[in-house]
Amino acid sequence: MRIEKDHIQKHNDKLAAKHRKKLANLSAELPNAKKVINKLADFQIAIPSWALGTGGTRFGRFSGGGEPGSLEEKIEDVGLLHALNQSSGAISLHIPWDIPTSTRKIKALAAEHGLLFDAVNSNTFQDQPGQKYSYKYGSLQHANNKVRSQAIDHNIEVIKYGKALGSNALTVWLSDGSCFPGQLNFRKAFQRTLEGLQEIYAALPSGWKMFVEYKAFEPNFYSMTVGDWGQSLLYANKLGPKAYTLVDLGHHLPNANIEQIVSLLLMEQKLGGFHFNDSKYGDDDLTVGSINPYQLFLIFNELVEGMDARGMNHARDLGWMIDASHNVKDPLEDLLQSVEAIKIAYAQALLVDRRELNRAQESNDVAKSQEILQQAYRTDVRPLVAEARLRSGAALQPIELFRELSVRKQLIAQRGEKTKATGL
Ligand code: RM4
Ligand code: MN
Ligand code: MN
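Small disclaimer: the values here were computed from a predicted structure and weren't measured. (Residues numbered from 1 in each chain as written. Chains lettered and ligands numbered in written order. Predicted model: local features only at pLDDT ≥ 70, side-chain atom pairs only at ≥ 80, totals over all residues. Heavy atoms only, no water.)

Engineer: Pulling in residues and values, what's your account of the coordination of the manganese ion (ligand 2)?
Structural biologist: Distances from the manganese ion (ligand 2) to its protein donors, namely Glu213 (OE), Asp248 (OD), His275 (ND1) and Asp323 (OD), fall within the range 2.1 to 2.3 Å. The coordination sphere of the manganese ion (ligand 2) comprises six donor atoms, whose angles at the metal cover 72 to 168 degrees; the geometry is octahedral. Within one chain, the residues donating to the manganese ion (ligand 2) are spaced in sequence as E-x34-D-x26-H-x47-D. In this structure, the manganese ion (ligand 2) is positioned 4.0 Å from the manganese ion (ligand 3). Highlighted residues: Glu213 in strand E10 (residues 209-213) and Asp323 in the loop between strand E14 (319-322) and helix H10 (331-351), separated in sequence by 110 residues. The burial state of Glu213 is the same as that of Asp323; both residues are buried. (Donors = N, O, S within 2.8 Å, 3.2 Å for Na, K, Ca; no water. Tetrahedral: all angles 85-135°; square planar, octahedral: opposite > 155°, others 65-115°. Helix = DSSP H or I, 4+ residues; strand = E, 2+ residues; numbered from the N terminus. Buried < 20%, exposed > 50% of the residue type's maximum accessible area, 1.4 Å probe, protein only.)

So this is what it looks like as structure tokens:
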């Protein structure tokens, strides 16, 4: 199904008067409302191809119906999101969960929906049918060099797909590590992984980036070979200028100060991008901003400060992506909520009075510093986010319109109740 321009027009007309009033009230109080709206309209957040179906845990999975059964249908779904919010203009593929049979046709289909291809992701954390060597004891860290070569070859193949699709980054997340003390020699595991990454790095086309994603635990529970930002940064520094650290918000030990990590990675010019989600306990992959929206704001506060300090382009110089899973909500509604939460946090961060904050920090005015941050955080910026959508031709209230148009019902009619998307 498609969402037509006049669906959006009708919906917006209905809400226009109320929206305009709210926007006028807010704009009157803000010195930089116009600038913020423009930046918001520019800011796109990629959607992962593996987050369009229902997620599950190791205890079960409760399918929601109308899930995309093919890559074409996944692109259709991201197209729906993008039509609703004009903020999700890219899709990120996980290979081999989503292998395009014809890269030319897939690229053309995506273009029809106004979509680009974000970073491509390799998978050496699962064995695929017919695969020669198992990743049970790791991939790039493995003691057997045949396993390592297989994992390297897979990554190089993923790059090839990405190149054909017009993507320009490879994200490597490794589940390598150990479950028990004594299982691994940490140094050997690191060295082998580094050598593998070096071979993959050497295969990067020009203009490409490599994102090294870290994760503290799961599926290995004693050690992870790329376990934290320090290890990721070590790899990235040793690999070279095309290699960067990728921060997935759910991949830290409890209470980690992610905003400080972000600030220092930016300082070192080694922050590559983000996987946004939220969590209470571990890698919960919950809707962005659903548990700890203040942390999300603090992260964006550092992002804006650090990117501006380096003259970076907010929209283009880092990779922005959602990496979430939806066990109990409609995946498309959930993704709309996540995108909205990201934009809200970004808008709030743009409102922080940097000069005043700097002055307060330099004079040790702790209370004032907090006031300045919270003044921005407590501003209801939703009219700005909605206005950015309106100006881009999207819906003022994307979830409302999704429901008004019975999108899920139509997808079920088209695809059936019992389809199953590939992914976790
Ligand atoms: C991992 C990590 C990766 C994602 C897989 C599916 O926990 O977040 O980014 O590719 O899950
Ligand atoms: Mn991730
Ligand atoms: Mn994860």
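Here the narrative resumes.
Engineer: If you had to explain the site of ligand 1 to someone new, which residues and values would you point to?
Structural biologist: The full set of residues close to ligand 1 is Trp50, His94, Trp97, Trp173, Glu213, Lys215, Asp248, His251, His275, Asp283, Asp323 and Leu424. Contacts to ligand 1 include His94, whose side-chain N or O atom sits 2.7 Å from an oxygen atom. Asp248 places a polar side-chain atom, nitrogen or oxygen, 3.1 Å from an oxygen atom of ligand 1. Relative to its unbound accessible area of 290 Å², ligand 1 is 95% covered by the protein chains. In this structure the site holding ligand 1 corresponds to the largest pocket. (Near = heavy atom within 4 Å. Polar contact = N/O pair within 3.5 Å; in protein donor to acceptor, adjacent residues only side chain to side chain. Areas by Shrake-Rupley, 256 points an atom, 1.4 Å probe, with all protein chains shown as cover. 1 Å grid on protein atoms, 1.4 Å probe; cavity = no way out; pocket = protein on both sides within 12 Å on 5 of 7 lines; lining within 4 Å. Sits in = over half its atoms within 2 Å of the grid points.)

Engineer: Describe the sheet that holds E14, and please don't skip the residues or the numbers.
Structural biologist: Read from one edge of the open sheet, seven strands run E5-E7-E8-E10-E12-E13-E14, paired in parallel fashion. Strand pairing shows two members of the sheet lacking a second neighbour, strand E5 (94-95) and E14, which therefore form its edges. Here helix H7 (residues 229-239) sits on the sheet and contacts E10 and strand E12 (243-248); the angle it forms with E12, its principal contact strand, is near 160 degrees. Along the sheet face, helix H9 (residues 293-309) touches strand E13 (271-276) and E14 and points at about 160 degrees away from the line of E13. (Pairing = 2+ DSSP bridges. Contact = heavy atoms within 4.5 Å. Axes fitted to C-alpha atoms, helices over the stretch in contact; angles between N-to-C directions.)

Engineer: Describe helix H3 (residues 71-85), and please don't skip the residues or the numbers.
Structural biologist: Between its terminal C-alpha atoms H3 stretches 21 Å, which fits the 21 Å expected from 15 residues at 1.5 Å a residue. Here H3 lies mainly inside the structure; 13 of its 15 residues are buried. Looking one or two residues beyond H3, the residue adopting positive phi is Gln86, at roughly 45 degrees. (Expected span 1.5 Å × (residues − 1).)

Engineer: For the layout of surface pockets, give the residues involved together with the corresponding values.
Structural biologist: Estimates place the volume of the largest pocket at around 1,100 Å³. Forming the boundary of the largest pocket are 37 residues, of which Lys215, Glu218, Asp283, Asp285 and Leu424 lie nearest the centre. Looking at the lining of the largest pocket, the elements with two or more residues in it are strand E2 (56-57), strand E7 (120-122) and strand E8 (169-173). A per-class count over the lining of the largest pocket returns twelve nonpolar, 15 polar and ten charged. (Points joined across faces, edges and corners; volume = space filled by probe spheres on them. Nonpolar A, V, L, I, M, F, W, Y, C, P; charged D, E, K, R; others polar.)

Engineer: Summarise the packing of helix H2 (residues 33-42) against H10; cite the residues concerned and give the values.
Structural biologist: The interhelical angle for the contact between H2 and H10, taken along N-to-C directions, is 145 degrees, at an axis separation of 10 Å. Judged by the twist between their axes, the crossing of H2 over H10 is right-handed. Mapping the contact onto sequence places Val36, Lys39 and Leu40 in H2 and Lys343, Tyr346, Ala347, Leu350 and Leu351 in H10. In terms of residue class, the contact of H2 with H10 is built from six nonpolar, no polar and two charged. (Left-handed = near helix turned anticlockwise from the far one by under 90°.)

Engineer: For the packing of helix H11 (residues 354-362) against helix H12 (residues 366-377), give the residues involved together with the corresponding values.
Structural biologist: Axes are the key here: two packed helices are described by the angle between their axes and the distance separating the axes. One can describe the packing of H11 onto H12 by two numbers: an axis separation of 8 Å at closest approach and a directional angle of 160 degrees. As judged from the angle between their axes, H11 and H12 are roughly antiparallel. In the packing of H11 onto H12, the handedness of the crossing is left-handed. Here Glu356, Leu357, Ala360 and Gln361 of H11 lie close against H12, whose contacting residues are Lys368, Ser369, Ile372 and Leu373. Looking at the contact of H11 with H12 residue by residue, the class counts come to four nonpolar, two polar and two charged. (Parallel < 35°, antiparallel > 145°, perpendicular 65-115°, else oblique.)

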